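Spelled out from the first residue to the last, the chains are:
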Amino acid sequence: MAFRGLRCLLAVSVGLLVATPASLCATEAQAQESAGAVRAAIRPHGGVPTMFINDQPVNAFIYSITGPGPRQLRHLPAFRDAGVHLYEVPLNFFECLAPDGTVNFAAVESGLRAVLAIDPEAWIIARLFMGTPGWWQERYPQELNEYAGAPPQPDGRVVRGPASMASEQWLGDTDDLLRRYLEFLEHSPLGRRVIGYHLCAGTTGEWHYDNFWWLPDTGPAMTKRFRAWLRGKYGDKPEFAAAVVPGAAERGEANDGLFRDPSTADRMVIDYYRCQQETVAQAILRFCRTTRQYAPDKLVGVFYGYYFHMGGRTLQAEGGHLAVLDVLKSPDVDFLCGPYSYEHHSRRVGGEGILRPLVETVKAHGKLYISESDSPTHLGCSQGNDLVARNLTDLTGSVAVMRRDFANVLTHGIGTWWFDVGPPDEQGGLAGGWWNTPELMAEMKRMREIGEEGLAGDRRSAAEVLVVCNPQTYYHVVCSGSGKDALTYPLLNDTARAIYHSGAPFDLIAATDLETVDLSPYKAVVFLDAFYLTAGQRKRIAQTVACDGRVVLWVYAPGYVDEEGLCVDRVSELTGMTVRRSADALAGRIEAVSGDHPLARSAVRGFGIDGPVSPVFWVDDPRATALGTISGTQKVGLAVREFDGWTSVYSFAPPICSEFLRAVFRKAGVHIYSDADDVLYVNRRFLAVNSEAGGLRTLHLPRPCDVVDAFSGKTVARNVSRFEVEIAPKSVQLYRLNDPKSGEVTQ
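Residue positions are counted from 1 within each chain, in the order its sequence is given. At least 70 in pLDDT is required for a residue's local features to be given in this predicted model, at least 80 for side-chain atom pairs to be given and counted, and no such filter applies to totals for whole chains, interfaces and linings, which use all residues. Hydrogen atoms and water are omitted, and side-chain values are computed over all heavy atoms in the structure.

Student: Provide a residue-level description of the overall build of the chain, including the pertinent values.
Tutor: Each helix is a run of H or I in the DSSP string that is no shorter than four residues. Each strand is a run of E no shorter than two, and both are numbered from the N terminus. Along the backbone of the chain there are 21 helices and 33 strands. By the compact-globule yardstick of 27 Å for 747 residues, the chain fits well, its C-alpha radius of gyration being 26 Å. If one aligns the C-alpha atoms of the chain with their principal axes, the spans along those axes are about 75 × 75 × 45 Å. Counting all 747 residues of the chain, 64% fall into the buried class. A fraction of 76% describes how many contacts in the chain between residues 6 or more apart in sequence connect residues 24 or more apart. Entry remark: accessible area of the chain is about 25,300 Å², with carbon and sulfur atoms responsible for 49%. Here the positive residues are Lys and Arg and the negative ones are Asp and Glu; neither His nor the chain ends is included. Each charge is placed at NZ for Lys, CZ for Arg, CG for Asp and CD for Glu. Both charge centroids of the chain, one from 74 positive and one from 87 negative side chains, sit 2 Å from each other. With the radius of gyration taken over C-alpha atoms, the globule rule is written as 2.2 Å times the number of residues to the power 0.38. Think of it in three bands: residues with accessible area under 20% of the maximum for their type are buried, residues over 50% are exposed, and the middle band is partly exposed, with areas taken using a 1.4 Å probe on protein chains only. In this description, contact between two residues means that some pair of their heavy atoms is separated by no more than 4.5 Å. Residue-level accessible areas treat just the shown protein chains as cover; the underlying method is Shrake-Rupley with a 1.4 Å probe.

What follows is the structure, given as structure tokens:
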């Protein structure tokens, strides 16, 4: 990741988040007079989970700096003067603990005071990184990570990482320090401005298993945990006493192409990854539970829930966040957070800014999501990003990226913080200053104002497209480092990118949410990576999704895997078409066939990937209409079948084609806001157009509205359902959609 080095540098610290609208501001003296009176919570507001402080909704618009030193704090007054009163500031955590067990929290107090001296109008969330110091690792080498895929060392030594998340020593020591820390801070006058805690561990503090690209964790602590996990699942069988964590060879093999078959020896690898993921989640929940115990009226959150763009490969099982539902179900967790995609295409001017979690799943569980905006500006980057390649070389590009990031979170009804790494300076950088111009700070101020104005009214999604993913799939696909999985990364990430350009807003959920989600708004449903589906989920899909006039797009192998094993008949049952399977390895690409069907015309250029995909699935059904064949074959890899009440579309290849997706959505009756392939962000109150090329655009609205430029306040059009606008290159236009009769925002 672009800022891995920086996060490791910050990973020895506690941070602060400070937030309040003007109505909540108070001096430090006033705050100290009201000890114990601060109450923070996440509650529904405008239809989405929202931060509340003392029963008032708060706009989660945050400024994040890299440290509480003078170099970093010099930029804070500009944000304070722009009305921003949320700050993230690293302070010490494990540095407070000496090897003899004594603690010293003086650095915590000085960091808090440094921020409050500049801006006393602060509500604070302390960020604690719980990685272990060097002396701890030297004392407890048996408690550290070991790796199945670490590079061999010349001296033959075993490569060890930080503390294993299965280590009872680490869990106990960290929990003990956390209790002492909370006891101190909750009884300190400074703690009276603290509204919550952000708990961090793992690689870059983001709860990735440390050095996950090396295939953790074969160390003694995890081996002990895995044996206990097996006994808990299957009973106390003698062979579990000697069970070992699967090595790189086992993780790189699968019974059926890229699929692990749970009915075979593949089960041991599947079980290990479940154990590893649950171990991480259990550590999170333990620390969150402790925090709730000591601070029952404060917010508690973690970096977690990442799904898209895991390090350039599909490393979900190795270091992802597959146990996200366990975390979301906990009453001790209030918010999840994380940076948006670091992929070049996502970050460049005009890029999608892809959010990494299944956002609607987070919201459906009543949690707030906070997206980190850590993209540089034209002022430079101390982390070495290629600003020329990103087209980020002038003020115009910087404003476009800022507005893109803001419009994305505004329309999703979530929060954001602006992580100020900054350009290089006389000491090398990491001192902030990315927005250190009057023009960029004016943008910050206006975005904050729009965000606070946006707290009123309906903040719900306007999506008629539902994209269903399944984290459970990634226990059952081969390790991406094996070279046998060319499919899942482009399937997941490049298809998501294409959907962003389709002209239709969309919601992302996990398959488990189909049990509770209201499906009535959705006219099109995409099953993106739902290769694993339980019998209950398949039944519910047949009863509640494949009906009501919807168009359902199935990709590759929906339902092929369940706990019983692999079965192509389940793919046929879900899609309503006879689907065949072979063990061949073919390019995952579709070539369109001639025909008058509108979906065939939309796929005339073909789509997919060139890498080999195995196993191969194709449609062999005279009742279906062939739309395309698998590249180099006569096998039908793209087909549609009309039913009484719904339409089924199957694609063997990842549908990395915005034109095809737009045609599928249009067939379903989904409202298409634009055909121009720009990136759109839409909810019930706002419409944003993110365009690198610019030009004349025709935008279509689902109902007549007064269209107002949210940044300038100027009316663009009145009482229209269609309007034309000239969009400048390298720009993001944000429109407020008002009711033409009342002048209020549409509901």
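Student: Could you give an account of the nonpolar core, with specific residues and numbers?
Tutor: Note on terminology: a nonpolar core comprises buried Ala, Val, Leu, Ile, Met, Phe, Trp, Tyr and Cys residues joined through side-chain atoms within 4.5 Å. Ranked by internal contacts, the top residues of the largest apolar core, which has 235 residues, are Trp207, Tyr304, Tyr556 and Phe665. Looking at which element gives the most residues to this core, the answer is helix α10 (residues 267-294), with 12 residues. In this structure, Leu699, Cys705, Ala717 and Ile727 belong to the second largest nonpolar core, which totals 16 residues.

Student: Quick one: what's the story with the pattern of salt bridges, residue by residue and with numbers?
Tutor: Any Lys or Arg side-chain nitrogen located within 4 Å of an Asp or Glu carboxyl oxygen qualifies as a salt bridge. Inspection of the entire model under this criterion finds 45 salt bridges. Linking Arg43 and Asp55 is a salt bridge whose minimum nitrogen-to-oxygen distance equals 2.8 Å. Placement of Arg43 in strand β2 (residues 40-45) and of Asp55 in the loop between β3 (48-53) and β4 (56-58) is noted, with a sequence separation of 12 residues between them. Since its relative accessible area comes to 33%, Arg43 is described here as partly exposed. Assessed through its relative accessible area of 38%, Asp55 is described here as partly exposed. Close ionic contact of Glu443 with Arg403 constitutes a salt bridge, the shortest N to O distance being 2.9 Å.

Student: Give a detailed account of the packing of helix α17 (residues 488-500) against helix α21 (residues 658-667), specifying residues and quantitative values.
Tutor: Axes here refer to lines fitted to C-alpha atoms; in helices the fit is confined to the stretch in contact. Angles between the N-to-C directions go from 0 to 180 degrees. Put simply, α17 and α21 touch, their axes get as near as 8 Å, and they point 65 degrees apart. For the pair α17 and α21, the crossing hand works out as right-handed. Two secondary-structure elements touch here, α17 through Thr495, Ala498 and Ile499 and α21 through Ser658, Leu661 and Phe665. Only Asp, Glu, Lys and Arg are considered charged in this grouping, and only Ala, Val, Leu, Ile, Met, Phe, Trp, Tyr, Cys and Pro are considered nonpolar; every other residue, Gly among them, is considered polar. Class assignment of the residues belonging to the contact of α17 with α21 gives a composition of 4 nonpolar, 2 polar and no charged. Here is the rule for handedness: rotate from the far helix to the near one, and if that takes an anticlockwise turn smaller than a right angle the crossing is left-handed, while a clockwise turn gives right-handed.

Student: How would you summarise the sheet that holds β2 if you had to cite specific residues and measurements?
Tutor: The strand order across the open sheet formed by 3 strands is β2-β3-β4, and the pairing between neighbours is antiparallel. Only two strands of the sheet have a single neighbouring strand rather than two, namely β2 and β4. On average, each strand axis in the sheet is tilted by 55 degrees relative to the strand beside it, whichever way the strands run. Only strands joined by at least two bridges in the DSSP assignment are considered to pair. As judged from the 3 bridges shared by β3 and β4, these two strands associate in the antiparallel manner.

Student: Tell me what's going on with the packing of helix α8 (residues 220-234) against α10, and back it up with residues and numbers.
Tutor: Contact geometry of α8 with α10 gives a least axis separation of 10 Å together with a crossing angle of 110 degrees. As summarised for this structure, α8 and α10 are arranged roughly perpendicular, according to the angle between their axes. Residue-level contacts link Met222, Arg225, Phe226, Trp229, Leu230, Lys233 and Tyr234 of α8 to Arg267, Met268, Asp271, Tyr272, Arg274, Cys275, Gln276, Glu278, Thr279 and Gln282 of α10. Angle categories are assigned with fixed cut-offs, so that under 35 degrees is roughly parallel, over 145 is roughly antiparallel, 65 to 115 is roughly perpendicular, and the rest are oblique.

Student: Would you mind going over the packing of aromatic side chains in detail, with residue names and values included?
Tutor: Pairing of aromatic rings covers Phe, Tyr and Trp, the last counted by its six-membered ring, and requires centre-to-centre distances within 6.5 Å; plane angles under 30 degrees mean stacked, over 60 mean edge-to-face, and any other angle means tilted. Applying the stated criterion across every chain, the model contains 35 aromatic pairs. Relative to Trp435, the ring of Trp434 has its centre 6.0 Å away and its plane inclined at 80 degrees; by these criteria the two rings are edge-to-face. This pair shows no difference in class: Trp434 is buried, exactly as Trp435 is. A ring pair is formed by Tyr500 and Tyr681, whose centres lie 6.4 Å apart and whose planes are at 75 degrees; its orientation type is edge-to-face. Within this pair, whereas Tyr500 is found in helix α17, its partner Tyr681 is found in strand β29 (residues 679-682), the two being separated by 181 residues in sequence. By relative accessible area, Tyr500 is classed as buried at 6%. Through a chain of ring-to-ring contacts, the aromatic side chains of Phe61, Tyr63, Phe79, Phe406, Trp418, Trp434 and Trp435 assemble into a single cluster. Stacked on the ring of Phe711, the Lys or Arg Arg403 has its end atom at 3.7 Å from the ring centre. Criterion for a charge above a ring: Arg CZ or Lys NZ at most 6 Å from the ring centre, at most 35 degrees from the ring normal.

Student: An account of the sheet that holds strand β32 (residues 715-727) is needed here, citing residue identities and associated values.
Tutor: The sheet built from 5 strands is open, its strands ordered β29-β30-β33-β31-β32 with antiparallel pairing. Sheet topology places β29 and β32 at the edges, where each strand pairs with a single neighbour. The average undirected angle you get between the axes of adjacent strands in this sheet is 15 degrees. Sheet topology places strand β30 (residues 686-691) next to strand β33 (residues 731-738); 6 bridges connect them, and they run antiparallel. In the sheet register, Ala688 faces β33, and the bridge partner there is Leu734.

Student: Help me get a handle on unusual backbone geometry, residues and values and all.
Tutor: With omega at 0 degrees, the peptide bond leading from Pro216 into Asp217 counts as cis. Looking at where Asp217 falls in the secondary structure, it is placed in the loop between β11 (194-200) and α8. Within the chain, His309 stands out as a residue other than glycine whose phi angle is a positive 55 degrees. Inspection of the secondary structure assignment puts His309 in the loop between β12 (299-303) and α11 (316-319). Within the chain, Asn391 stands out as a residue other than glycine whose phi angle is a positive 60 degrees.

Student: Could you give an account of the environment of Cys479, naming the residues involved and the relevant values?
Tutor: As for its position among the elements, Cys479 is in the loop between β16 (465-469) and α17. Taking C-alpha positions, Cys479 is 40 Å from Gly433, a pair spaced 46 residues apart along the chain. Beyond its immediate sequence surroundings of up to four residues, Cys479 is in contact with Leu215, Arg251, Arg260 and Glu318.

Student: If you had to explain α10 to someone new, which residues and values would you point to?
Tutor: Residue count minus one, scaled by 1.5 Å, sets the expected span of a helix. Compared with the 40 Å implied by 1.5 Å per residue over 28 residues, the 41 Å span of α10 between its first and last C-alpha is a close match. Along α10, 21 of the 28 residues are buried, which leaves the element largely enclosed by surrounding structure.

Student: Which residues make up the pairing of strand β15 (residues 415-419), and what are the values?
Tutor: For β15, the tally of buried residues reaches 5 of 5 residues, placing the bulk of the element in the interior. On β15, burial covers both faces: Gly415, Trp417 and Phe419 on one face and Thr416 and Trp418 on the other are all buried. Of the strand pairs in this sheet, strand β5 (residues 61-64) and β15 are connected by 4 bridges, and their pairing is parallel. Directly across from Phe61, in β15, lies its bridge partner Thr416.

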